[in-house]
Amino acid sequence: MAKTSVRRIILDVDTGIDDAWALIYALRAPTLDVLGITTGFGNADVDTTTRNTLAVTDLLQSRVPVYRGAVKPLCRPWDGPVTSYHGVNGLGNASVPDPLRPPENTEAVDFLHQVLTALPHEVTIVTLARLTNIARLLLYDPHVAPLISRLVIMGGAAFVPGNVTPVAEANIWGDPEAADLVFQSGIPITMVGLDVTHRARLTWDDLDRLDSSLPYAAMMRDATAFYLKAYERDHPEMQGWCPIHDPLAVAVAEDPSLVAVRRYPVRVEHAGRWTTGMTVVDARMGEQPHGIEVALDLNAPAFLHRFWDRVGIAPA
Ligand code: BDR
Ligand code: CA
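Thresholds applied
- Residues numbered from 1 in each chain as written.
- Chains lettered and ligands numbered in written order.
- Predicted model: local features only at pLDDT ≥ 70, side-chain atom pairs only at ≥ 80, totals over all residues.
- Heavy atoms only, no water.
- Buried < 20%, exposed > 50% of the residue type's maximum accessible area, 1.4 Å probe, protein only.
- Helix = DSSP H or I, 4+ residues; strand = E, 2+ residues; numbered from the N terminus.
- Pairing = 2+ DSSP bridges.
- Right-handed = clockwise from strand over helix to strand, strands pointing away.
- Near = heavy atom within 4 Å.
- Polar contact = N/O pair within 3.5 Å; in protein donor to acceptor, adjacent residues only side chain to side chain.
- Areas by Shrake-Rupley, 256 points an atom, 1.4 Å probe, with all protein chains shown as cover.
- 1 Å grid on protein atoms, 1.4 Å probe; cavity = no way out; pocket = protein on both sides within 12 Å on 5 of 7 lines; lining within 4 Å.
- Sits in = over half its atoms within 2 Å of the grid points.
- Nonpolar A, V, L, I, M, F, W, Y, C, P; charged D, E, K, R; others polar.
- Points joined across faces, edges and corners; volume = space filled by probe spheres on them.
- Donors = N, O, S within 2.8 Å, 3.2 Å for Na, K, Ca; no water.
- Core = buried A, V, L, I, M, F, W, Y, C linked by side-chain atoms within 4.5 Å.
- Contact = heavy atoms within 4.5 Å.
- Phe/Tyr/Trp six-rings, centres within 6.5 Å; stacked < 30°, edge-to-face > 60°.
- Lys NZ or Arg CZ within 6 Å of the ring centre and 35° of its normal.
- Salt bridge = Lys/Arg side-chain N within 4 Å of Asp/Glu carboxyl O.

### A short note on the pairing of strand β1 (residues 7-13)
Most of β1 is tucked away: five of the seven residues are buried. Across seven bridges, the pairing between β1 and strand β2 (residues 32-39) is parallel. Within the sheet, the bridge partner assigned to Leu11 lies in β2 and is Ile37. With helix α1 (residues 17-27) bridging β1 and the parallel β2, this β-α-β connection has right-handed handedness.

Following this line, the structure appears as structure tokens:
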């Protein structure tokens, strides 16, 4: 029988409702070894996202270490929590149990540096948040860039509209200087942006099929109901479903064949009057061998079946 290989990953999160689903997916995936989780500001302030991350790991009976990270963007003030989509507590105002343990004493950037130097070329980092922690790591020690096996980034919008401005996706908009630094670093990158995450859809019916005996079921049902209602309120084209951005990036790290990619140069605009946060994908000269892998198509049924299986949703 073929041996299933296990991929070592680090998750960088701003938990967040879709981050919480991504954590559940990753920590229940037998083919993923989560070495640690780093947190940052984004959907909520960093203390809240760290607390939510710890609460989710507790519900999964996981002791994976959690490291607190960035408080604000590299060069700008933070523009505040995304309460309209993630609630005031980051988890749709659902009841969240108090964490059973604190985060690690080590800061996120120090943890990343230690792991990458101890396990060169072996670790994939899956970023589900602003790219501030990774940019700070590169500023702290640029020599770690070649030690990262791959970055799978939930962020950006190549050939579709943004979700914060007409051209900017939230994780890039939230720290565009950091994002440009990371995209220019030479690290192998797969960009899992809105081109594909808007095709990764969770419905009310899916939520009804979540196994209610799971310890996280009640919290995630309440949180996701808030998230579904927010998308239905703001997006006439998203009635009855919401995009599950972050779990898709984890799934792509686990199985890159879920998406079709094209390799293009990508820069992030951070000085534009109307275009700050735009991922500027240069497709004029066709694919470039060392370009960013930009995910442009998704095998949605394959992703969904895997997502349901991982998180405990019965098949439709
Ligand atoms: C991304 O922004 C965050 O609010 C979500 O958790 C996701 O990572 C979607 O644009
Ligand atoms: Ca996120």
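### Focus: the site of ligand 1
Taken together, 14 residues are adjacent to ligand 1, and Asp18, Asn43, Asn163, Glu169 and Asp246 come closest. Taking Asn43, its side chain carries an N or O atom lying 2.4 Å from an oxygen atom of ligand 1. Against a free-state accessible area of 290 Å², the protein chains account for coverage of 95% of ligand 1. Its atoms largely coinciding with the cavity grid, ligand 1 occupies the largest pocket. Of all the secondary structure elements, the ones that give two or more residues to the shell around ligand 1 are α1, α6 (170-173) and α11 (245-254). A breakdown of the residues in the shell around ligand 1 according to their chemical character gives three nonpolar, five polar and six charged.

### Quick word on the layout of surface pockets
Space left empty within the atom packing is revealed by a probe, the size of a water molecule, rolled over the atoms. Looking at the largest pocket, its volume works out to about 410 Å³. Forming the walls of the largest pocket are 26 residues, and the residues nearest its centre are Asn43, Val82, His86, Asn163 and Ala170. Only α1, α3 (83-86), α6, α10 (217-234) and α11 provide two or more residues apiece to the lining of the largest pocket. For the lining of the largest pocket, the per-class residue count stands at 11 nonpolar, eight polar and seven charged. Forming the boundary of the second largest pocket are 16 residues, of which Gly186, Ile187, His290, Gly291 and Ile292 lie nearest the centre. For the lining of the second largest pocket, the secondary structure elements donating two or more residues are β9 (259-264) and β12 (292-298). Looking at the lining of the second largest pocket residue by residue, the classes come out as nine nonpolar, four polar and three charged.

### Concerning the coordination of the calcium ion (ligand 2)
Coordination of the calcium ion (ligand 2) by the protein comes from Asp14 (OD), Asp19 (OD), Asp19 (OD), Leu128 (O) and Asp246 (OD), over a distance range of 2.2 to 2.6 Å. Site description for the calcium ion (ligand 2): donor spacing in sequence, D-x4-D-x108-L-x117-D. With Asp19 in helix α1 and Leu128 in the loop between β4 (123-127) and α5 (132-140), this pair connects stretches of sequence that are 109 residues apart. Among the residues examined, Leu128 registers a relative accessible area of 1% and is labelled buried.

### A closer look at the nonpolar core
Of all hydrophobic cores here, the largest spans 69 residues; its most connected members are Leu11, Trp21, Val126, Leu128, Val250, Phe303 and Phe307. Once you skip the residues sitting within four places of it in the chain, Val126 turns out to touch Ile9, Ile10, Leu11, Asp12, Val152, Ala249, Val250 and Ala253. Membership of the second largest hydrophobic core comes to 37 residues, among which are Phe111, Ile134, Ile172 and Ala179.

### Some thoughts on the packing of aromatic side chains
What the rule picks out here adds up to eight aromatic pairs. Each ring, one from Tyr25 and one from Phe307, has its centre 6.5 Å from the other, and the planes form 20°; the classification is stacked. With a gap of 282 residues between them, Tyr25 in helix α1 and Phe307 in helix α12 (residues 300-311) connect regions that are remote in the sequence. Per residue, the accessibility class of Tyr25 equals that of Phe307, and both read buried. Plain terms: the ring middles of Tyr67 and Phe111 are 3.9 Å apart, the flat faces sit at 10° to each other, and that makes the pair stacked. With Tyr67 in strand β3 (residues 66-67) and Phe111 in helix α4 (residues 108-118), this pair connects stretches of sequence that are 44 residues apart. The pair formed by Tyr67 and Phe111 is uniform in burial state, with each residue classed as buried. Among the aromatic side chains, those forming a connected cluster through ring pairs are Trp21, Tyr25, Phe303 and Phe307. Just above the ring of Trp241 sits the side chain of Arg201; from NZ or CZ to the centre is 3.8 Å. Its end group placed over the ring of Trp308, Arg209 keeps NZ or CZ at 4.7 Å from the ring centre.

### As for the pattern of salt bridges
Side chains bearing opposite charge may pair, as long as their charged atoms lie close to each other. The full count for this structure, using the stated rule, is 20 salt bridges. Of the charged contacts in the structure, one is a salt bridge between Asp47 and Arg68, with a shortest N-O distance of 2.7 Å. Taken together, the residues Asp47 in helix α2 (residues 46-59) and Arg68 in the loop between β3 and α3 connect sequence positions 21 residues apart. Here Arg101 makes a salt bridge to Asp58, at a shortest N to O gap of 3.8 Å. A residue pair is termed long-range when its members are at least 10 positions apart, and Arg101 in the loop between α3 and α4 and Asp58 in helix α2 qualify at 43 residues. Taken individually, Arg101 and Asp58 each receive the classification buried, so the pair is uniform in this respect.

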